[in-house]
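Breakdown of the fold
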Amino acid sequence: MAIVDRIGETLDRTPGGVILTGVDSLVDWARGKSLWSMPMGTACCAMELIAASFNKFDFDRHGTFPRPDPRHTDVMIVAGTITYKMMPAVKRLYEQMPDPKWVIGMGNCTLSGGIFYYDTYSVVRGIGEFLPVDVYIAGCPPRPESLQDGILRLRELVEQESIAPGKRRDRALTLPAPDHGCGEAE
Amino acid sequence: MPLDVESREAVETAEGEVVDELVVNVGPSHPSTHGVCRVIIHLDGEIVTRAEPVIGYLHRGIEKMAENRTYLQVVPLTDRLDYVGSMYSNWAYCRSVERLADIPVPERAEYLRVIVCELQRIASHMMAIGSNGADTGALTLFVYAFDQREHVVELFEELCGQRLTYNYVRPGGVSHDMPEGWADDVRAFTAAHRSALAEMDKLFFGNVITRGRLKGIGVLSADDAVAWGASGPVARGSGVNWDLRKHDPYSVYPRFDFDIPTGTDGDCYDRARVRLYECYESCRIIEQALAQMQPGPHRTEGLPRLIAPPPGDAYDHIESARGALGVYLVSDGSTRPYRMKVRSPAFCNLALLPTLAEGHMLSDLVAILGSLDPVFGEVDR
């Protein structure tokens, strides 16, 4: 835990005091507290994603603010079924996001295809096939509270990462090229 | 057919004028397309000359999947069709199954179905009106409307444990009877909802900017509405008095006293306002249903888990928040449907987009698309 996490209590103890910390700690802390999201809502989960941003759940208080433009965002929240027709668009939007970037997979469809795993010819069986996912949230659809939990867990992940040299996470996309055909995904 | 996505120079318009044409691609991930619609827009300056919706980005093959599921297992799939109004797809499908297999439905179940579907209409219309506001720059309305929707979702959660995909209406009845105190919660909600509607009416529909953005935009004549197979608030906004609850009465709807609000101009403003007034009527129906309801079973007893209807076919439709939602089922005598076909009102209404958008500004296209209120789970299926 960086010293900036204790900023409140430190300032309480010494009003107007000075805090000494490393630049990397400060940046890591700030990154986790301001995860702007790219709402990639395609199906049912998008409704819960919208509900999460509005009155009752109010995600703005976590610093998670939805921006429809991928170039403004840090985390892509994929909410809903991704079909083979939609997959190239999602991949392209992910590539348009500036580094560092993270992905939250919301709902069972992003995990495995969920209810659409069997007997269908058009659904990608999990976005892990073509995106590096950091946090998966199960549910069909998950409640906004679950999404909140997912974002808090992602925040932990983000704060563990460091901008300091030698500590950076390798973000190279090493996934196999997705199969665009409609055959079995296994 | 290949998509026409190339911008061209020196195109002759219908009036014989030569203009440079610009093609703008909107979607499939765009906040104002309400899902995963892609629209290819041909522009002359800022005027739309042609708008072509490209659908299929959410095609999940639900109709095909139904052929590999038993009749009861299809119900959760229908939840995912129209995810803004899951109860409707549940009900339309169950009515078809009941007609096919000749399953009786207890009266209490019919009342419960009417109550949840009218609540669902409120939830769905709140979403539609709210996004109408968001599309035209009034995000405030979205916040007001979503607050109301959240109340309905909480009522549903109390009733069947889910916020969005309910799986509530089952062949032969509903999954649960209402819990204790739920009727009072619903009554309290309808009373509060009425004043919220009045507030929204004043806040949004009385606003001069809203009138400027929505009045006279995307005018649909009554004849066109009928010719294109439009239904629901899209047709009623044009003055077509057509509502299956009145004109092909099903369930216990004939026992209720309610009106069908219709518009006069057929523009975006009327379509949105019809939705608002339908919410008032829904409140009336819910209150009457709660008063008329008698104790009794909520589901037919002794129904087999594997329903095997006799060979044949059945079609039944209900009035969903988007219009006439029908389900056609073919049985070959086995425990799985031989074929399921969904008549989706959202798909038929979306087909109007090229006609309505032509000649309007690019920014009005967003308002028109919002006023058609498509849900892509149902359009693409």
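In what follows, the accompanying structure is described. Model, not experiment: these values are computed from the prediction.

**Here's the deal with the overall build of chain A**
Of regular secondary structure, chain A possesses 6 helices and 4 strands. Reading the helices (α) and strands (β) of chain A from amino to carboxyl end gives α-α-β-α-β-α-β-α-β-α. When burial is assessed residue by residue, chain A has 45% of its 186 residues classed as buried. If you take every contact in chain A between residues at least 6 apart in sequence, the share linking residues at least 24 apart comes to 79%. Split by element, the accessible area of chain A, about 8,900 Å² in all, is 56% carbon and sulfur.

**Remarks on the packing of aromatic side chains**
By the definition in use, this model includes 15 aromatic pairs over all chains. A centroid spacing of 4.8 Å and a plane angle of 35° characterise the contact between Phe54 of chain A and Phe142 of chain B, whose relative ring orientation is tilted. In this pair, Phe54 of chain A sits in the loop between helix 3 (44-53) and strand 2 (75-79) while Phe142 of chain B sits in helix 5 (residues 139-160), so the two residues belong to two different chains. Note on Phe54 of chain A: relative accessible area 16%, which makes it buried. A relative accessible area of 7% places Phe142 of chain B in the buried class. The interplanar angle of 80° and the centroid separation of 5.0 Å between the aromatic rings of Phe204 of chain B and Phe205 of chain B together place this pair among those described as edge-to-face. Take Phe204 of chain B: its relative accessible area is 2%, and that puts it in the buried class.

**What to know about the sheet that holds strand 1 (residues 37-41) of chain A**
Residues and elements named next belong to chain A. Taken together, 4 strands build an open sheet; the order of strands is 1-2-3-4 and the sheet is parallel. The two strands at the open ends of the sheet, each matched to only one other strand, are strand 1 and strand 4 (135-137). On average, adjacent strands in this sheet sit at an angle of 15° to one another, irrespective of strand direction.

**Points about the interface of chain B and chain A**
Many descriptions give the size of an interface as the accessible area lost when the pieces come together. Each partner contributes residues to the interface: chain B has 36 residues there, and chain A has 33 residues. Around 3,000 Å² of area is buried between chain B and chain A when both sides are counted, 65% of it from carbon and sulfur atoms. Summed over the three residues of chain B that lose the most area to chain A, namely Tyr57, Arg60 and Arg163 of chain B, the buried surface amounts to 20% of that side. Scanning the region where chain B abuts chain A turns up 4 salt bridges. With its nearest N and O atoms 2.4 Å apart, the salt bridge here joins Arg69 of chain B to Asp119 of chain A. Joining chain B to chain A, the criterion identifies 14 residue pairs in polar contact (both at pLDDT 80 or more). If you tally residues by element for the side of chain B that touches chain A, the top one is helix 5 of chain B, at 9 residues. Within the side of chain B that touches chain A, the residues separate by chemical class into 19 nonpolar, 7 polar and 10 charged.

Here is what the cut-offs are and how they apply
Going along each chain's sequence as written, the residues are numbered from 1 onward. To label them, take the chains in the order written and letter them from A, then take the ligands in the order written and number them from 1. Restriction of local features to residues with pLDDT of at least 70 applies here, the model being predicted, together with a cutoff of 80 or more for giving and counting side-chain atom pairs; totals for whole chains, interfaces and linings are based on all residues. Water and hydrogen atoms were dropped before computing side-chain values, which therefore reflect all heavy atoms in the structure. Helix numbers and strand numbers start at the N terminus; a helix is a DSSP run of H or I with at least 4 residues, a strand a run of E with at least 2. Only protein chains enter the accessibility calculation, which uses a 1.4 Å probe; a residue is then buried when its area is under 20% of its type maximum, exposed when over 50%, and partly exposed in between. Working rule for contacts: check all heavy atoms of both residues, and any pair within 4.5 Å makes them a contact. Using a 1.4 Å probe, accessible areas were evaluated by the Shrake-Rupley method; residue-level cover was limited to the displayed protein chains. Ring pairs shown here join Phe, Tyr and Trp side chains whose ring centres sit within 6.5 Å, with only the six-membered ring taken for Trp; geometry is labelled stacked below 30 degrees between planes, edge-to-face above 60, and tilted in between. Two strands qualify as a pair provided DSSP detects at least 2 bridges between them. Throughout, an axis means a line fitted to C-alpha atoms (over the contacting stretch in the case of helices), and angles, computed between N-to-C directions, take values from 0 to 180 degrees. Take the accessible area each of two parts loses on contact, using a 1.4 Å probe, and add the two losses: that sum is the buried area. By salt bridge we mean one thing: a side-chain nitrogen of Lys or Arg within 4 Å of a carboxyl oxygen of Asp or Glu. Within 3.5 Å is the distance limit for a polar contact, defined as a pair of N or O atoms, with the added protein rule that one can donate a hydrogen and the other accept it, and that residues adjacent in sequence qualify only through two side-chain atoms. Only Asp, Glu, Lys and Arg are considered charged in this grouping, and only Ala, Val, Leu, Ile, Met, Phe, Trp, Tyr, Cys and Pro are considered nonpolar; every other residue, Gly among them, is considered polar.

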